[in-house]
Each structure stands twice: as structure tokens, then as C-alpha cells.
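Summary of structural features
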2 protein chains.
Amino acid sequence: MRRDIFQAIADPTRRAIIALIAVQSMTPNAIAEHFQATRQAVSKHLKVLVECEVIAPRQQGREIYYQLELEKMKEIDKWLSQFRKIWEDRFNQLDNLLSTLQNS
Amino acid sequence: MRRDIFQAIADPTRRAIIALIAVQSMTPNAIAEHFQATRQAVSKHLKVLVECEVIAPRQQGREIYYQLELEKMKEIDKWLSQFRKIWEDRFNQLDNLLSTLQNS
DNA sequence: ATTTTGTGAAACCAAATGGTTGCACGTATA
DNA sequence: TATACGTGCAACCATTTGGTTTCACAAAAT
């Protein structure tokens, strides 16, 4: 199976989990409370996220706190930067066009 | 089936197609030449991308040029911004810590 | 020591995914 | 007009996905 950030964020529940954990590390049970799905379903999502290295477990007694790996999020940002470059160029082109129109 | 940008970019071939088209609009055949997969496989990916509104077809005679919808890419950027905020905060905290250490 | 709690793992299932082959059909070209 | 070309679509298939239920097990609590 594919295991990368893009696959990790493909599922809406997983995106919600990521956003939840981003604010504060949480245990599987605490996370599951925020969703309709069963604890086991959430647990499977957590497993995928760990395998994709988007989150990391931190054992604390018999509880496990999952925390977001922000660095992994930056990989999306990095991939996106190639397009950001393009849309900034387009914006500049539009800007130049407007200037040209004003000056004519 | 789920049809959003996150699902669109989940597949590596689709990400490659997006990157390819970003530079210049292309026909399905031209796109397929860049991959090992058959034309039909690429065509299915294009269909998914169109349904996700990541690309749009532009008919030209009997050829169809697919072009990237940059606006849709921005949605990823928008979702990502919540985390960008966090990692900038963390960076500032680190920055403050370093300043404190230097001034003590 | 026994029970409860927090968690992961296995087995199973329906649906979705990514791929293939074959066909249909309009648009160019000979 | 007949042929070649560019493309989409349907049918089929193996694999993956997201979910459920059940079980196992260690750590707390009683």
C-alpha cells in the first residue's frame, strides 16, 4: 500500500483528526469522541497516519498520546510551492496588464 | 465516491499529470506519452481530475486540451494555512527562547 | 487478586480504486 | 466516401479502503 502524506490527507476523517491533534496531543479515546465512527475505525485511521509519519505516538502509562508531526505537513507545502510560483506569476502578469491599460 | 482536491492529489500519477499540465495545457494522448500506463488508464485519471474540478477540458477540433484550474490548488493552500500558522508560532517561540538565552 | 479501562490486532465485508481490453463515435485526412 | 485518428465509455478484474465485531493484553483501580 501507498503510504505518504497525500494518501494520509485523502480521507476527510483523517484530515479532521490531523486538525484536532494539531491543537493538542490526544489519546485515541479522546479523539474517537469527536467522531461518529467507532473507536476501532478511528484507531485504524491513526495507524495509517502513524505509518505515513504524519502523527507520532507518545506512551504515557497505559495511555497513548498522538501528536502531529508538523514537518510532514510541510511536505505538502513544498509540493504546492511549484504551483504557488505559477499563480504568483499569473497575478503579476495581470498586474502588468492593468498597469499597461492605465498608462495607455 | 468522494470527489475533492485531496482525493484528486492522493494518486501519484494524478499528481504527475497535474504538474505536467500546470506548465502547459495538453491533450490526453500527449499526457499519456509521459507515462507507462495505457491511454485509457490516464483517461480515467483525467476523468477523476475533471470531476474534482482540478482540471478543465477545452475542445479544439477533435482534440481536447486539459488545463489546470489553479484556483482549486489554492484550496489545498487554504487548508494548509491553519498548520502554517502553528509552525510559524512554534518558530517564533523558538526565536523568543533564543533571544532570551542571548540576553541572559 | 479481581475487575475495569485503554488500546491494538485479527477476521470479515461491502464499496471504491486503478488498471486492462474492447467498442463506439465524431472529426480529420486520403 | 473510405480510412485513420483522438477520445470517451462500458465491462471486467484484482487490490485497497474504510468500516464493523470480536478478541487479547497490559496498566490502573477496586
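What counts and what doesn't
Residues numbered from 1 in each chain as written. Chains lettered and ligands numbered in written order. Predicted model: local features only at pLDDT ≥ 70, side-chain atom pairs only at ≥ 80, totals over all residues. Near = placed C-beta within 6 Å. Helix = DSSP H or I, 4+ residues; strand = E, 2+ residues; numbered from the N terminus. UniProt positions renumbered as here; feature names shortened; annotations may be inferred. Least-squares fit on C-alpha atoms with pLDDT ≥ 70 in both. Contact = placed C-beta atoms within 7 Å.

An unreviewed UniProt entry annotates chain A as Metalloregulator ArsR/SmtB family transcription factor of Rurimicrobium arvi.

1. Comments concerning the protein's contact with DNA strand D
Around DNA strand D, 27 residues are found, and the nearest of them are A:Met1, A:Ala41, A:Gly61, B:Thr27 and B:Asn29. Where the surface near DNA strand D is concerned, the elements lending two or more residues are α4 (39-51) of chain A together with α3 (28-32), α4 (39-51) and β2 (63-68) of chain B.

2. Regarding the UniProt feature "domain: HTH arsR-type" (unreviewed entry) in chain A
Per the UniProt record, the feature "domain: HTH arsR-type" (unreviewed entry) sits at residues 1-88 of chain A. Taken end to end, residues 1-88 of chain A has its terminal C-alpha atoms 36 Å apart, with 60% of it in helix and 14% in strand.

3. Considering the relation of the copies chain B and chain A
Mapping chain B onto chain A leaves a residual RMSD of 0.1 Å; the transformation is a rotation of 180° accompanied by 0.1 Å of translation along its axis. With respect to symmetry, the two chain copies, as superposed, fit the operation of a two-fold axis. Measuring from the rotation axis to each C-alpha of chain B, the shortest distance belongs to B:Ala10, at 2.9 Å. Most of the interface of chain B is mirrored in chain A, where 100% of its interface residues are also at the interface.

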